[in-house]
Every structure is written in structure tokens, then in C-alpha cells.
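# Fold and geometry: a report
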Amino acid sequence: MQLRYETGLTGEAYVRAEAWRDARLERCPNHPHGGCSLARHGTYARKSPRGTKIARWYCPESHTTFSLLPECLAARLPGELDEVEQVVAHAEQAPSLAAAGDALRRDAVELAGAMRWVGRRVRLVHHVLKVVIGLLPEPLARCVAEMGAVRTRLQTETALRALRTRLAEQLPVLPAPLGFQPHRLGTTNRLRARQHKMGPDPPSALA
Ligand SMILES: [Zn+2]
């Protein structure tokens, strides 16, 4: 189970400070009144940002591992929320998914892979924005479920991070990469992901 770790740090600063060492979990979320043997359970590494570690706890009574994810990092996707946001905002403005993939993944070996990488981020973010707009009538009433529109309403270019703070209580039930739930976006839902604007969706979107 992932939990939000409030650090106020960017990914780079989190790694530099080795802030996972300062992570604390005072109470077991499954046993808020105590009585279980909750204990530190080491760390696990994330590839990006390079050197990232995530602090873990384990509750043997409920057989649950808890990971304290710093609020700057995307959930169930590599890298930072800000990076994901920039990709999606860029893709929304691009003439096609291919153009976005080409511009954003200069390192990609093939265009199809770059398109999958961008398309996956666009689908995941648009999916969670739809849910978020329903939860925040003020200031998001009738907002289009797109990164650009949400940025304008929130008046920030780090809107996903701002939403993480505003929706801290709901993160356990919100889909990734903003919240901590698996997104459950299947093949059917993929087809709804604004393909008229973004171009055809390649099969298999694991990135
Ligand atoms: Zn417990």
C-alpha cells in the first residue's frame, strides 16, 4: 500500500538529501489504535530519478507493506509528477501523437515506442483528471479533463502536484499516477482516449 510522504522536495532534492531516511510512519494505517508489530522494512529503489529509494514498513498482523512515496513522484509510473504533467501538456498541443513522441523521446529507438510512452501518460492523466474534476467542483466545475485546462483553472504549471496536496485524503482511492490505485484502464477505455486528436493508438501500452 502506498502512502503520501510530504517532503516539500523535488525528486532531485529528495535523492540528494536521502530523505527516505527521515520517513516516519507513527501508526499502522490498518491498526490506528496500535497493537500490531509494525516495523521498518528497508527500502526499495526506483530507477528515476536516479538513486531514488522509497522507505517501507511491514505490518505482519495484516500482511501489509506500506511504502512512503514522496509527493513529487508519480505513482506506478517512473519519474516525477511534474515530468508526467509536462509530457501530457505537450502532447495536448502537438499536432499528433507521433509528433509528440518524436519531440519528447529523442532517445527512443523507434517512433512506435515513443508514441506508446506518450499515449500511456496521456490516457492515465486524462483518466484521473476526469475523476478529480468531480471531486473539486471549486475550482474545477465543468473543466475539460485535460492538463492544459486544469493548469489554467489552478493557475499553476505543477497542477498534478497541487492536486496531490488538495486531495491528500483521497489518494488511496484515486487512480495512478496521481493517486495510489492501479488505474484499471483496459483496452476498451484506451479507445476513448481522445484518439481523434492524438492519432491512432498502438497496441500494447506498457511503458
Ligand atoms: Zn498493523
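Residues numbered from 1 in each chain as written. Predicted model: local features only at pLDDT ≥ 70, side-chain atom pairs only at ≥ 80, totals over all residues. Heavy atoms only, no water.

Looking now at the sheet that holds strand β3 (residues 52-59). Reading across the sheet, the four strands line up as β1-β4-β3-β2 and stay open at both edges, with mixed pairing between neighbours. Edge strands, defined here as strands with exactly one partner in the open sheet, are β1 (2-5) and β2 (39-46). Neighbour to neighbour, the strand axes of the sheet diverge by 30° on average, direction disregarded. Note: β1 against strand β4 (residues 64-70), four bridges, orientation parallel. Residue pairing in the sheet places Arg4 in a bridge with Leu69 of β4. (Pairing = 2+ DSSP bridges. Helix = DSSP H or I, 4+ residues; strand = E, 2+ residues; numbered from the N terminus. Axes fitted to C-alpha atoms, helices over the stretch in contact; angles between N-to-C directions.)

Turning to the coordination of the zinc ion, a few remarks are in order. Here the zinc ion is held by Cys28 (SG), His31 (ND1), Cys36 (SG) and Cys59 (SG), and the distances to it run 2.1 to 2.4 Å. The site at the zinc ion holds four donor atoms, and with the angles between them running 103 to 115°, its shape is tetrahedral. (Donors = N, O, S within 2.8 Å, 3.2 Å for Na, K, Ca; no water. Tetrahedral: all angles 85-135°; square planar, octahedral: opposite > 155°, others 65-115°.)

A few words now on the packing of aromatic side chains. This structure, assessed with the given rule, holds two aromatic pairs. Ring geometry for Tyr5 against Tyr14: centres 6.4 Å apart, planes inclined by 75°, an arrangement best described as edge-to-face. Tyr14 carries the same exposure label as Tyr5, and that label is buried. Against the face of Trp57 rests Arg40, its NZ or CZ located 4.5 Å from the ring centre. (Phe/Tyr/Trp six-rings, centres within 6.5 Å; stacked < 30°, edge-to-face > 60°. Buried < 20%, exposed > 50% of the residue type's maximum accessible area, 1.4 Å probe, protein only. Lys NZ or Arg CZ within 6 Å of the ring centre and 35° of its normal.)

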